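# Structural description and commentary
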Amino acid sequence: MTTPKKAFPTHIIVFLAPAVIIYTIFMIYPLVDSLRLSLYAPTPDNPRVEAFVGLANYQKLLTDPLWAPRLQGAIRNNFVFFIVHMLVQNPIGLLLATLLTSKVVRFRTIFRTLIFTPTILSFVLVGFIWQIILNPLWGIAGDILGLVGLDAEPWLGLESAALPVMSLISVWQFIGIPMMLFSAALLNLPDEIIEAARVDGATAWGVFWRVKFPLILPTVGIVGVLTFVGNFNAFDLVYTIAGGLAGPNFSTDLLGTFFYRTFFGFQLQAGNPTMGATIAGVMFLIILAGVVIYLFGWQRRIARVEY
Amino acid sequence: MIRRETLSRDVQVILMHVALLAYTALAIFPVLLVIINSFKARQAIFRNPYALPTAETFSLVGYDTVALRGNFPNYFVNSLIVTLGALILIFLAGSMASFALSEYKFRGNALLGLYLSIGIMIPIRLGTVSLLRMMVDLGLTNNLFGLILVYTAQGLPLAIFVLSSFLQEVPHDLKDAARVDGASEYRVYWLVLPLVRPALATIMVFNMIPIWNDLWFPLILAPAEQVKTVTLGAQSFLGQFLSDWNAILSSLTLAMVPIVVLYIIFSRQLIRGLTAGSVKL
Amino acid sequence: MIEDHLDIFIYRFLSVFARMRYSFTTLLNVEAIVKKVAVLSLLLLAMLALAIAPVVAQDNTLVIESWRNDDLTIWEDVIIPAFNAQYPDIPVVFSPSPPADYNGLLNSRLEAGTAGDLITCRPFDASLTLFQSGYLASLNDLSGMENFSDVAKSAWITDDSSDVFCVPMASVIHGFMYNADAFAALGLSEPTTEAEFYAVLDAIQADGTYAPLVLGTSDQWESATVGYQNIGPNYWGGEAGRLGLIDGTATYNEAGFLAAFEALAKWQPYLIDGYQALSYPDAQSAFTLGLGAIYPTGSWEISGFRANADFELGAFKPPTPEGADTCYISDHTDIALGMNANVPEAKRANAETFLQWMTTPEFAALYSNALPGFFTLSNHEITLDDPLAQEFLDWRGECESTIRSSYQILSRGEPNNETDLWLYNAQMLNGELTAQEAADAVQMGLATWYEPQMGS
């Protein structure tokens, strides 16, 4: 028996080429071209000419009293934003997915479509409508809270409350995504297993935690890392509601708004492309760290069940 | 014994429906508010946002403005071309690349996978000027195809990231069986694709929403009247001091419709993909 | 023990059944796949055809870049037709962008070469930087520029006054608008001094039907622009004070500038409920719905309020402090139009024609009447149809004019003086800072980079 000659794997190239080419030309090249600006700074004599300064911009971002507090605030706010999503959005998304994939629930398709609708909305609409609902003058929040004896505060205007409230609005908008991913994973589980477990006497709770959840762990990981990446890149909602300055007093400032404000300028403040690129560089490193932790800390560890 | 179980079962089902109804109300109430208010006169919106349009407050002024100003039917067509075009390219290029990454062990596989996910880690607006310059050089400004390429490039990292994970769960035995039967790698790829239909449908949905609702890249790359997208057309109602809220609500409400339709189509694909497999043995 | 067996059992169960499931699937789907490929390819081809169809080729239409989405209908229905009545062969299109993104967008477009032919200019440094980068053309030779005073041109001229780069279009005047019906109902008259102002506010608050002052701090700019910069000139003596800041003889945390912070801080108890979360559109609606009596604002609001308020509107100028004999108003050079330095040769003459038309008395009257509240910066005498606009304009004769303190030179560095004024005034009105603390913070920010203020 002759060993078949290993043909040159042209098919691998064919499969990879379109994606790699389009991605490299229209995404990587512009980003890298702009990211390298973070290694340059305007020369003191002629601000229009930029010179290579190595990592000086990064040092400035981390230590200068003008930049460091903003960076720390933005990173801290991003973590709060992320934690709210992990604790509220993903568990509720999982719960909804479980309910919507359960055979005993009726009108599943209608529920699914209606619950997904907020995700479809433009940020302008989301900002507009929640600002009306939470509005101290004609908002409904006051009336609803009045029913349980609480007072409505102008939350979006208070430093202590603006960020959590905005995170919750974002959760409301995007819960459809984990719901959809979890639904796909749950529906993929063969019914036979569930039936077998139920016949063996497991309760619904037991079936979920002992059988279903372990089998969808890969999806739980994906949802987690997507939430991380999405949250640390978040920009549009805060920009629409609180503007480029992410008020009140930078309490809703995320890395995304910090980057936009610095790179493109704000009102009379001229844009600062070199420091803006530096902030983007920091965002890249943070998100990369999160993704690497996911890839090597989680994805490799969980047993892949092929079924 | 059995009685207690079935009762608890019924109570469980009722509770599940109640939970779903409650959340659906929370999800849909603001959307209904938007739609209701798009049919009210401007002052009526703020005077009482929760009231249904009455004979006095009912007004189609928003929809009139949308019909008269600009060319919204054209904007819709442009948005559809850009969104569907990008989705098709993401589907093809993304699924092919994910298949190659998950199936073949070659040197640099892991590195390439990481390379292809870098795109989601950097704020895309960073590359604005660079991208615009390049599009000018390529002659792709004010051109829908340029937008399609840009959105494809943006959607690929996430698509590949998620699809690779799902493709890895497809059993090897099936693919090997096909190869033994003489199928080429391309055939194997086509056979495997329907097995990850749920993931594909999910990716399509993930991408279509930000592409449809995106304001920035049409503004930068294709602001000309003939190639305006719906979101770009709607932004002209947002003023420095005076915004035409009626027109904004109306235009964005109308803009919701195609997306909801597309979502229904894709989520059907998701379900079909999963139930197609449950053939009776 | 049972757990271990359960796992293995599950795994075996899964693989066996799953494999059977999938092989059936593949057999059934072959035909469907072929059909789908055909449909997809056709769809893709159709889209490609539509997408890469050449867009209308470059013609000689002049494109005007602007942030004034608000004015789109006016330009399309009034201004451009008036221009074309005189110059029918020059097509012009007004192409505004979202106001919040305008600066970033414009810079990106200019850098890449896709910007329009005529550029709406922000006052002072934002446009000066564009000129110094070579994006705006010098307009020294444009006939008609002599119709503008030095003050008018000051926002669009180089520091050494050698090159002017935009044709001044309009200024806006700050003041207070009020619900005249509410005033009549409460028997109040327009206040002129600070004491009268607070008497009026107290009376409105005591009555309880209306909120005394409708001002939100959520968007932050109002606190500075229609708060601090509105009443401030009366405290720092207008131009004298502002120029003192520039040459270092005056500081934000002393004398007139500090007094202005203190005066603004006194507004806090009279602000409408929930003002911390009110955005500018909310404040507009609150006023036009009759929830509040007085609206600190600028003249830009006239047409909007006319359209939406169903009560009589009145206006009064910023109240003067005790013992002041001159009054000052913020008459701010706001908007101008310049020419893209890289406009194609074929269009250059047309662009200059348009700019030249903007220096004529016809344009001055047309613009100021089409957009009441935006007052022409030219020297031409015009009469305004709108009485409220005329009232604002009359204040020019009664009071000394000045511009906002932070716009000339003081916003060139980081931290940005204008942004600081927004930040600290908003926090002060929210009760987070005292007037002295706010003033100190603004002064400190300026002193970190502005040399004449360093060491103060």
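In this text the structure is predicted, and so the values were computed from the model without any measurement.

Cut-offs applied
Residues numbered from 1 in each chain as written. Chains lettered and ligands numbered in written order. Predicted model: local features only at pLDDT ≥ 70, side-chain atom pairs only at ≥ 80, totals over all residues. Heavy atoms only, no water. Core = buried A, V, L, I, M, F, W, Y, C linked by side-chain atoms within 4.5 Å. Buried < 20%, exposed > 50% of the residue type's maximum accessible area, 1.4 Å probe, protein only. Contact = heavy atoms within 4.5 Å. Domains from an automatic or database assignment. Buried area = accessible area lost by both parts, 1.4 Å probe. Salt bridge = Lys/Arg side-chain N within 4 Å of Asp/Glu carboxyl O. Helix = DSSP H or I, 4+ residues; strand = E, 2+ residues; numbered from the N terminus. Disulfide = S-S within 2.5 Å.

### Quick word on the nonpolar core
Judged by nonpolar contacts, the single largest core of 345 residues is most densely connected at A:Phe26, C:Tyr252, C:Phe261, C:Trp267, C:Ile294, C:Phe354 and C:Tyr367. If near-sequence neighbours (up to four positions away) are discounted, A:Phe26 is found in contact with B:Leu131, B:Met134, B:Met135, B:Leu138, B:Leu140, B:Leu149, B:Val150 and B:Ala153.

### Brief notes about the domain arrangement of chain A
For interface size, the figure often reported is the accessible area lost on association. All names here are of chain A. Under the domain assignment, chain A is made up of domain 1 (10–54) and domain 2 (69–306). Computed over C-alpha atoms, the centres of domain 1 and domain 2 are 30 Å apart. Facing the 8 residues of domain 1 at the interface are 6 residues of domain 2. Carbon and sulfur atoms make up 77% of the area that domain 1 and domain 2 hide from each other, which totals about 500 Å². For domain 1, the biggest contributors to the area lost against domain 2 are Leu35, Leu37 and Ser38; these three give 69% of the whole.

### Quick look at the pattern of salt bridges
All told, the structure shown has 21 salt bridges over all chains when counted by the stated rule. With a shortest N-O distance of 2.7 Å, C:Arg109 and C:Glu65 are connected by a salt bridge. Of this pair, C:Arg109 sits in helix H3 (residues 102–112) while C:Glu65 is found in strand E1 (residues 62–66), placing the two residues 44 residues apart along the sequence. Close ionic contact of C:Glu239 with C:Arg242 constitutes a salt bridge, the shortest N to O distance being 3.0 Å. Within this pair, C:Glu239 and its partner C:Arg242 are both found in helix H10 (residues 238–247), separated by 3 residues, close to a single helical turn. Of the residues examined, C:Arg242 reaches a relative accessible area of 4% and is grouped as buried. Through salt bridges with shared partners, one network takes in B:Glu103, B:Lys175, B:Asp176, B:Arg179 and B:Glu185.

### Thoughts on the state of the cysteines
Working definition of a disulfide: a covalent bond connecting the sulfur atoms of two cysteines. All names here are of chain C. For the coordinates displayed, the defined rule picks out 2 disulfides over all chains. Between the sulfur atoms of cysteine 121 and its disulfide mate cysteine 166 the distance is 2.0 Å. Its S-S torsion of approximately -80° makes the covalent link between cysteine 121 and cysteine 166 left-handed. Placement of the pair is cysteine 121 in strand E3 (residues 118–121) and cysteine 166 in the loop between helix H5 (150–153) and strand E4 (167–179), with a sequence separation of 45 residues. Across this residue pair, the class does not change: cysteine 121 and cysteine 166 are buried. Put simply, cysteine 327 and cysteine 399 are joined by a disulfide, and their sulfur atoms are 1.9 Å apart.

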